[in-house]
Amino acid sequence: MHGPELMAHSGLSVRNLLDADWQRLQAAMGKSHRARTWSDAFSPRFAHVVLIRWAHAFHNSGWRRLGKLTSLVNFGLFGMEIPSSLEIGPGLIIPHTNGIILGAARIGANVTIYQQVTLGAKMADWDYDLAQRPVVEDGATIAAGAKVLGPVVLGSNCVVGANAVVVSDVNPGEVVGGVPARVLSK
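The structure displayed is predicted, hence computed values, not measured ones. (Residues numbered from 1 in each chain as written. Predicted model: local features only at pLDDT ≥ 70, side-chain atom pairs only at ≥ 80, totals over all residues. Heavy atoms only, no water.)

**Observations concerning the packing of helix 1 (residues 14–28) against helix 2 (residues 47–60)**
Look at helix 1 against helix 2: their axes get within 10 Å of each other, and the N-to-C directions meet at 155 degrees. If you check the angle between helix 1 and helix 2, you find them roughly antiparallel. Judged by the twist between their axes, the crossing of helix 1 over helix 2 is right-handed. Facing Val14, Leu17, Leu18 and Asp21 of helix 1, the residues of helix 2 in contact are Val49, Val50, Arg53, Trp54 and Ala57. Grouping the amino acids of the contact of helix 1 with helix 2 by side-chain chemistry returns seven nonpolar, no polar and two charged. (Axes fitted to C-alpha atoms, helices over the stretch in contact; angles between N-to-C directions. Helix = DSSP H or I, 4+ residues; strand = E, 2+ residues; numbered from the N terminus. Parallel < 35°, antiparallel > 145°, perpendicular 65-115°, else oblique. Left-handed = near helix turned anticlockwise from the far one by under 90°. Contact = heavy atoms within 4.5 Å. Nonpolar A, V, L, I, M, F, W, Y, C, P; charged D, E, K, R; others polar.)

Okay, structure coming up:
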């Protein structure tokens, strides 16, 4: 395999993932749908997603060092720490990149993540044990500054409020906030 046909997520090519990411971003910004062009890869609202997708595709294709290098470029340019092994579903939106650490076990489709979000283990986990890390299900929104720590599940279509600290599961559709996070509405 070569180019955009590298498989990145559940059999989807990088091209398919980026098209889904681009269309969801356009819809979120209230813009009419248009096909993604090569120059969109340089958009400040999209370039980091391109790097995330390529890093993961390289990792899955056995080019793990190239995947790590691509992740390192993303860290240097956008301040995002995301392992190349992290599986993220289509439709990812990250409007503002600075200070994001995504050390999750898995992130579903159509997820929105804002700046300064941390997803990770409760304690230092140098072996990257997926059983110690959060799972983010489809449609979740994680607001600015939120911290999601440990083996918790953020249910589908939930919302984690700004600066919340989540240390227990969030049910589908719930809105949580506070330190520690508690249910604000269902």
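Past the structure itself, the notes keep going.
**Topic: the pattern of salt bridges**
For the coordinates displayed, the defined rule picks out three salt bridges. Residue Arg133 pairs with Asp125 through a salt bridge whose shortest N-O separation is 3.1 Å. Asp125 sits in the buried class, given a relative accessible area of 16%. Glu174 is the partner of Lys186 in a salt bridge, and the nearest nitrogen-oxygen pair spans 4.0 Å. Of this pair, Lys186 sits in the segment after strand 15 (182–185) while Glu174 sits in the loop between strand 13 (165–166) and strand 14 (175–177), placing them 12 residues apart in sequence. On the basis of relative accessible area, Glu174 is assigned to the buried category, the value being 6%. (Salt bridge = Lys/Arg side-chain N within 4 Å of Asp/Glu carboxyl O. Buried < 20%, exposed > 50% of the residue type's maximum accessible area, 1.4 Å probe, protein only.)

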